[in-house]
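Tertiary structure, described
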Amino acid sequence: MQTNAVEINDLTVSYRYKPVLWDIDLDIPEGVLMAIVGPNGAGKSTLIKTILGIVKPVAGSIKIYGKPYHQNRSKVAYVPQRGTVDWDFPTTVLDVVLMGTYGKLGWIKRPGKKQKEKSLAALKEVKMHDFANRQISQLSGGQQQRVFLARALVQDAQIYFMDEPLQGVDAVTEKAVINILKELKNENKTVVVVHHDLSTVPDYFDWVTFLNVRRIASGKVMTVFNDANLEKTYGSSFRTLKGYTTA
Amino acid sequence: MSVAQLEIQIIAVIVAIACALPGVFLVLRKRAMISDAISHAILPGIVIGFFLTGDLSSPFLVLLAAATGVLTVSLVEVIDRTGLVKEDTSIGLVFPALFSIGVILISRYAGDVHLDTGAVLLGELAFAPFDRLIINGIDMGPKALYVMGGILLINFLFISVFFKELKISTFDVGLATTLGFTPMVLHYLLMSIVSITAVGAFDAVGSILVVALMIVPAATAYLLTDDLRTLLILSGLAGLISALAGYWIAHWLDASIAGSMATVVGLLFLLTYLFAPGRGIYFIIRRRKRQKYEFAQMTLTVHIMNHSGEYDNIEERRMDHFQHHFNWDLEQARTIVKQALRNKFIQLDGDLISLTNRGLRFARASQSLIMAEKDPNINEFRKQFVTFNE
Amino acid sequence: MEFIDFFIDLFTDYTTRTIGIGTAILGIVSGVLGSYAVLRQQSLLGDAISHATLPGIAIAFLIIGTKSTAFFFLGAAVAGWAGTMWIRGIVQNTRIKSDSALGLVLSVFFGFGMVLLTFIQKMPNANQAGLETFLFGQAATLIHTDVILMAIIGAFSLFAVILLWKEFKILTFDPQYAATLGFNTKLLDIILIFIIVLAIVLGLQAVGVVLMSAMLLAPAAAARQWTDSLSIMILLAALFGALAGLTGTAISSAAMNLSTGPVIVLVSIAFVFISFMFAPNRGLLFREIRKQANKKEMRMNHVLENMYWIALGHENLQHPHSNAILNKTLGYSKKCMRELRDKHLIELNEDYDWNLTEKGIKRAKEVYTDNNKNEQQ
């Protein structure tokens, strides 16, 4: 039987009466490349943030390789939406990537040569090594995204959570990100991506979860990415969504 | 109560209300700190105006100083537009600079100006009755009464005339623009009103406490109502109370009137903060408790409903399952189940839980509540299942 | 005491040295902590905190009945902290936004402080002389023990910043990410705000509650313009802060009857102004120069592109163009032609007509294809 990287049981998250996530059961098998899709306000980002312990659930349990998140933190890496930080912050590309090593360093200890080399290697993977000493405010949106990706790569994790890494990026970045995703999959890492563009789901991912407050469906793209589930998730309006295609 | 005391109180009330009215819009537009900037930055305007006119209540001085205030607002916007620093930093840089210039001018020419740095911070409400308006030898009352009365009238007229425009541009800038109002013009008009009010009130309560009289009544009212008209009335009322109570506390302690007014309005806010119906801390804590309770009932019943099918795993309906899956600890799970029993939502068969008819209705209602497109009407829902009591 | 004398006395006179060291410590600490306040976009929080300290100082005096810097620090820190926590409570629990919460706490605490202060001033036989120097600051009142206390608190704050360097950096840049890495961001946030409160309290005697916030912001805002590195920014802010403190104190002691607060603030704002104008890269002057240079280059490119385009039609890339024809093209001016010639992009033939050089053709081709690519997009 396949191991599950993440197991979510009866998860409910609510800020007020209207829950953002309701009674979610979801298993994420090890080694899948999963897209989480759903309309705006479906709770996609919230799901990731709850798994990562940023948002506290009302009820439910989340296990990372069988343990609560805070006991298995080092197995998880996170790529937040790039709009969440101030890119005018006075620091360099390399410095931001180095932040990915902070978790394993723990309190007080500073990153050294080893961490630096690792960060440079990660930058090379995302094709940003020429930018290592560049100030982050000089980056384009796609470059910012690749820096965030490199920062997650140095975390050296088993599971990667990415919040809309393909939102508004250029073609070069999109390709670079996808290549990394496939590479991670080849290393049997698990990757979970909040994704907007339905038309690219079958090309980029092998696993998909439909989410709209509740879990609508989850499984292999081949079996669950169909009109019925799309309609259940997006309502009848899904047909007007740009360029959807299903198998 | 002497005539002078009465006059001071009347002036204090007028000042407080004149400040409270435009303050409402500052609070609603999230521009409260601009009042801090304006009230400090007008100081050099006042000092220079005083050199030129020699009269603190001269209309020329009021206009000149108010112009400094508006200038400050645009200066902040200019710095903001360079992108060199964020907006709050530009506010934080501009007004201390102007205020410092004002303070230095005052202390350099202390002999020539009857202002001193104490007056800058506290105003001179207690002396207001001594500066009288005399026309043809007839005593018409304190000058400050006329200046502040005039300003209150201007504020009142401004808000009445532009009520609709202010309302729309405050709540929806985009809509206001498409409807043909220019929010920019209104913004600067409001800033002018704030500046004029700050200058007028400066004489009575000083720079910093102008901020208290503008922001705090409005913030207090904002915790009590949603309606703009009521907001303005309550805000004015809070100003009135703080003026009167502040005066008498100051009188009793022999302390600063302006400071007491600020303290009283602060206490009014504190009371509202703690006990405002529906929005005070007391109610928030109660509501959170209740929400948690109701949510637990909803979670439990919906879960049982979803696992009551013929082919469902019966284990999902056992007590120990909740501990496991919902992350409820044993005691919590027991309490929730006990409450559900009391609500007659569930029945127990050993430790196996199943829904009653009432429980099923509740679970269905919960589910549609949760899946509702818009914000659900929780009160209607509660009415159906009245058994909630804490 | 004259302005220059102050700096001379700094090395010779005991009292002046004490004051100098005090203001320098204040400048360094507020510059360092102010950098975080600015980067975390909490610039106005400092203003609220410093005003909120006033009742703390007054209550400390009412309790012990005499002036004691240590107790004043304690009272100020407690009140500043209480104010900060109330601001948070208001923002978290009500629909009132942070700007209103700041203004509210700032003015109410200050108003209450003024009630206490005026009450104390009218108390019989109260040894309260000088309590009002906390409003606008008076560096000359700093004595030896004050400075030692400042040095201890200052050293403690700086030590914390150095020790938690990496933690504060990630907290400021991306707090949510820091939390996923396992850092207790709530605790970090509390530590950082606590140190900012300490820095503010440190400055009250010299700068006063009314203007202390500017002392926090101005050196940081100035330093930000000169560098894109956090560590250099913080070092520069410390330097600017110390310089502003010293210079301000010197000026105010040269000019009698001036509180130090306003003077120090004006000096540090002057640093900001200079930095806004003249800092390389970000400065407005530099930006303007760059803009002009861009414009010039665009004009030159236009001319090159036009010559190239016309030459294409003549099937001779070095086709000569008369001034009369070029005159009609966008960007043409005698100065522009001269500069193109100086760069050996074009040359004048014997008929006094212009033609592209080899180098010019290459450049023009680049510009031409570049522009056409842009149009296609």
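Remember, predicted model here, so these are calculated numbers, not experimental data. Counting restarts for each chain: residues are numbered from 1 in the order of the written sequence. Throughout, the order in which chains and ligands are written sets their labels, letters from A for the former and numbers from 1 for the latter. Two thresholds apply to this predicted model, a pLDDT of at least 70 for residue-level local features and 80 or more for giving and counting side-chain atom pairs, whereas whole-chain, interface and lining totals are computed over all residues. In computing side-chain properties, one takes all heavy atoms of the structure into account and sets aside hydrogens as well as water.

The next subject is the overall build of chain B. A count of helical and extended segments in chain B gives 17 helices and four strands. For a compact globule the rule gives 2.2 Å times the number of residues to the power 0.38, and the radius of gyration it is set against comes from C-alpha atoms. For 390 residues, the compact-globule estimate of 2.2 N^0.38 gives 21 Å, and the C-alpha radius of gyration of chain B, at 29 Å, exceeds that figure by more than 25%. C-alpha atoms of chain B, sized along the principal axes, occupy 95 × 55 × 35 Å. Each residue is assigned to one of three classes by its accessible area relative to the maximum for its type, calculated with a 1.4 Å probe on protein chains only: buried under 20%, partly exposed between the two thresholds, exposed over 50%. When each of the 390 residues of chain B is scored for burial, the buried share is 57%. Contacts are assigned to residue pairs that have any heavy atoms within 4.5 Å of one another. Across chain B, the fraction of contacts at a sequence separation of at least 24, relative to all contacts at a separation of at least 6, is 66%. Carbon and sulfur atoms make up 62% of the accessible area of chain B, which totals about 17,200 Å². By the criteria applied, helices consist of DSSP H or I runs no shorter than four residues and strands consist of E runs no shorter than two, each listed in order from the N terminus. Here, Shrake-Rupley sampling with a 1.4 Å probe gives the accessible areas, and only protein chains in the shown set may cover a residue.

What follows is about the packing of helix 10 (residues 207-222) of chain B against helix 12 (residues 257-275) of chain B. Residue and element names in this part refer to chain B. Packing of helix 10 against helix 12 brings their axes to within 9 Å, and their N-to-C directions diverge by 20 degrees. Judged on the interaxial angle alone, helix 12 and helix 10 are roughly parallel. Where helix 10 crosses over helix 12, the two elements pack in a sense that is left-handed. From helix 10, L209, A212, L213, V216, P217, A219 and T220 reach across to helix 12, where they touch A258, G259, M261, A262, V265, G266, L268, F269 and T272. Its residues assigned to classes, the contact of helix 10 with helix 12 shows twelve nonpolar, four polar and no charged. In this analysis an axis means a line fitted to C-alpha atoms, helices contributing only their contacting stretch, and an angle means the value between N-to-C directions, from 0 to 180 degrees. Roughly parallel refers to an angle under 35 degrees, roughly antiparallel to one over 145, roughly perpendicular to one between 65 and 115, and oblique to any angle outside these ranges. Crossing handedness follows the turn of the near helix against the far one: under a right angle anticlockwise gives a left-handed crossing, and clockwise gives a right-handed one. Gly falls in the polar group here, along with every residue not listed as nonpolar (Ala, Val, Leu, Ile, Met, Phe, Trp, Tyr, Cys, Pro) or charged (Asp, Glu, Lys, Arg).

Okay, the environment of F6(C) next. As for its placement among the helices and strands, F6(C) is situated in helix 1 (residues 3-12). Considered as a pair, F6(C) and G20(C) are 14 residues apart in the sequence and their alpha carbons are 8.7 Å apart.

Now for the packing of helix 2 (residues 32-53) of chain B against helix 4 (residues 87-108) of chain B. Residue and element names in this part refer to chain B. Between helix 2 and helix 4, whose axes approach to 8 Å, the crossing angle comes to 30 degrees. Relative to helix 4, the element helix 2 is oriented roughly parallel. The element helix 2 and its partner helix 4 pack so that their crossing is left-handed. Contacts between helix 2 and helix 4 pair M33, I34, D36, A37, H40, A41, L43, P44, V47 and I48 from the former with I91, F95, L98, F99, I101, G102, V103, L105 and I106 from the latter.

On to the interface of chain C and chain A. Contacts between the two partners involve 29 residues from chain C, matched on the other side by 31 residues from chain A. Buried area, as used here, totals the accessible surface that two parts lose on assembly, with accessibility defined by a 1.4 Å probe and the loss added over both. In this assembly, chain C packs against chain A so that about 2,700 Å² is buried in total across both faces, 62% of it on carbon and sulfur atoms. It is K166(C), F173(C) and Y177(C) that lose the most area in chain C upon contact with chain A, and together they represent 29% of the buried surface on that side. Counted as salt bridges are all cases of a side-chain nitrogen of Lys or Arg within 4 Å of a carboxyl oxygen of Asp or Glu. Between the two partners, chain C and chain A, sit four salt bridges. D95(A) is the partner of K169(C) in a salt bridge, and the nearest nitrogen-oxygen pair spans 2.5 Å. Polar contacts, as counted here, are pairs of nitrogen or oxygen atoms within 3.5 Å of one another; within protein the pair requires one atom able to donate a hydrogen and one able to accept it, and residues that are adjacent in sequence qualify only if both atoms are side-chain atoms. Inspection of the region where chain C meets chain A yields eleven residue pairs in polar contact (both at pLDDT 80 or more). At the level of secondary structure, the elements contributing two or more residues to the side of chain C that touches chain A comprise helix 7 (144-163), helix 8 (165-173), helix 9 (175-180), helix 10 (185-207) and helix 12 (230-254) of chain C.

The criterion for an aromatic pair is that two Phe, Tyr or Trp rings (for Trp, the six-membered ring) have centres within 6.5 Å, with stacked assigned to planes under 30 degrees apart, edge-to-face to planes over 60 apart and tilted to the rest. What the rule picks out here adds up to 20 aromatic pairs over all chains. Taken together, a centroid distance of 5.3 Å and an interplanar angle of 50 degrees make the contact between F89(A) and F173(C) tilted. Within this pair, whereas F89(A) is found in the loop between strand 5 (76-79) and helix 2 (93-98), its partner F173(C) is found in helix 8, the two belonging to separate chains. When its relative accessible area of 1% is taken as the criterion, F89(A) is described as buried. Through pairs of rings, three or more aromatic residues link up here, namely W87(A), F89(A), F148(A) and F173(C). One Lys or Arg, R95(C), reaches over the ring of Y222(B) and ends 4.1 Å from the middle of that ring. Sitting over a ring, as applied to charges here, requires NZ of Lys or CZ of Arg to be within 6 Å of the ring centre and within 35 degrees of the ring normal.

Time to look at the interface of chain B and chain C. With 59 residues of chain B at the interface, the matching set in chain C holds 54 residues. In this assembly, chain B packs against chain C so that about 4,700 Å² is buried in total across both faces, 73% of it on carbon and sulfur atoms. On the chain B side of the interface with chain C, the three residues burying the most area are M33(B), L84(B) and L93(B), jointly 15% of the side's total. Taken together, the connections running from chain B to chain C amount to two salt bridges. Among the ionic pairs, D226(B) bridges to R95(C), the shortest N-O distance being 2.6 Å. Run the count over chain B and chain C and you get 13 residue pairs in polar contact (both at pLDDT 80 or more).

Another aspect to go through is empty space enclosed by the protein. Using a 1 Å grid laid over the protein atoms alone, points where a 1.4 Å probe fits but cannot get out form a cavity; open sets with protein on both sides within 12 Å along at least 5 of 7 lines form a pocket; any residue with an atom within 4 Å of a point counts as lining. Grid points are joined across faces, edges and corners, and a volume is the space filled by probe spheres set on the points. Applying the stated criterion across every chain, the model contains one cavity of 30 Å³ or more. Each pocket or cavity is described by its volume, and for the largest cavity that value is around 110 Å³. If you trace the largest cavity, you find it lined by D86(A), D88(A), F89(A), L84(B), V85(B), K86(B), T89(B), V38(C), L39(C), A221(C), R224(C) and R282(C). Listed by contribution, the elements that provide at least two residues to the lining of the largest cavity are helix 2 (14-39) and helix 11 (212-226) of chain C. Partitioning the lining of the largest cavity into residue classes produces six nonpolar, one polar and five charged.

The next point concerns the sheet that holds strand 8 (residues 207-212) of chain A. All names here are of chain A. Strand order in the open sheet formed by six strands is 5-6-7-3-8-9, with mixed pairing between adjacent strands. Of all strands in the sheet, those bounded by a partner on one side alone are strand 5 and strand 9 (214-220). Direction aside, neighbouring strands of the sheet carry axes that sit 15 degrees apart on average. In this scheme, strands are said to pair when DSSP sees at least two bridges between them. Summarising the sheet, strand 3 (residues 33-37) and strand 8 pair through four bridges and their orientation is parallel. Along strand 8, the bridge assignment pairs M34 with W207.

Residue and element names in this part refer to chain A. By the element assignment, N4 lies in strand 1 (residues 4-14). Classification of N4 as buried rests on a relative accessible area of 17%. Look past the residues within four positions of N4 in its chain and what remains in contact with it is D27, I28, P29, E30 and Y65.

All names here are of chain B. Together, L267, L270, L271, L274, F275 and Y282 make up an exposed nonpolar region whose accessible area comes to about 550 Å². Broken down by element, the residue count for the nonpolar patch peaks at five residues, all from helix 12. Topologically, L267 is positioned in helix 12. Patch rule: a residue counts if its relative accessible area is over 30% and it has no salt bridge; like charges are joined within 9 Å, and nonpolar side chains (Val, Leu, Ile, Met, Phe, Trp, Tyr) within 5 Å.

Now for the sheet that holds strand 1 of chain A. All names here are of chain A. Across the sheet, three strands lie side by side as 2-1-4; this open sheet has antiparallel pairing. Since the sheet does not close on itself, it has two edges, and those belong to strand 2 (19-29) and strand 4 (59-64), each with one partner. Direction aside, the axes of adjacent strands within the sheet are offset by 15 degrees on average. As judged from the seven bridges shared by strand 1 and strand 2, these two strands associate in the antiparallel manner. In the strand pairing of strand 2, N4 is matched with P29. Together, strand 1, strand 2 and strand 4 form the strand contacts of helix 1 (residues 44-51), whose direction differs from that of strand 1 by roughly 115 degrees.

Residues and elements named next belong to chain A. Although it is not a glycine, D10 adopts a positive phi angle of roughly 50 degrees. For D10, the position within the fold is in strand 1. A positive phi angle, near 65 degrees, is found at V213, a position not held by glycine. Relative to the elements of secondary structure, V213 occurs in the loop between strand 8 and strand 9.

Attention shifts here to the pairing of strand 9 of chain A. All names here are of chain A. For strand 8 and strand 9, the ladder comprises six bridges, and the chain directions are antiparallel. Along strand 9, the bridge assignment pairs W207 with K220. Between the antiparallel neighbours strand 8 and strand 9 lie one residue, among them V213 with a positive phi of about 65 degrees.

As a further point, take the environment of E87(B). Residue and element names in this part refer to chain B. Tracing the backbone shows E87 in helix 4. Expressed as a C-alpha distance, the spacing of E87 and V76, which sit eleven residues apart in the sequence, is 7.4 Å. Once you skip the residues sitting within four places of it in the chain, E87 turns out to touch R31 and D80. Engagement of the side chain of E87 in a polar contact is seen with the side chain of R31, the distance being 3.0 Å.

Using the criterion set out here, one finds 22 salt bridges over all chains in the structure. E294(B) is the partner of R290(B) in a salt bridge, and the nearest nitrogen-oxygen pair spans 3.0 Å. Placement of the pair is R290(B) and E294(B) together in helix 13 (residues 281-306), with a separation of four residues, close to one helical turn. Overall, R290(B) belongs to the partly exposed group, its relative accessible area being 23%. Connected through shared salt-bridge partners, D86(A), D88(A), K86(B), R224(C), D228(C) and R282(C) make up one network.

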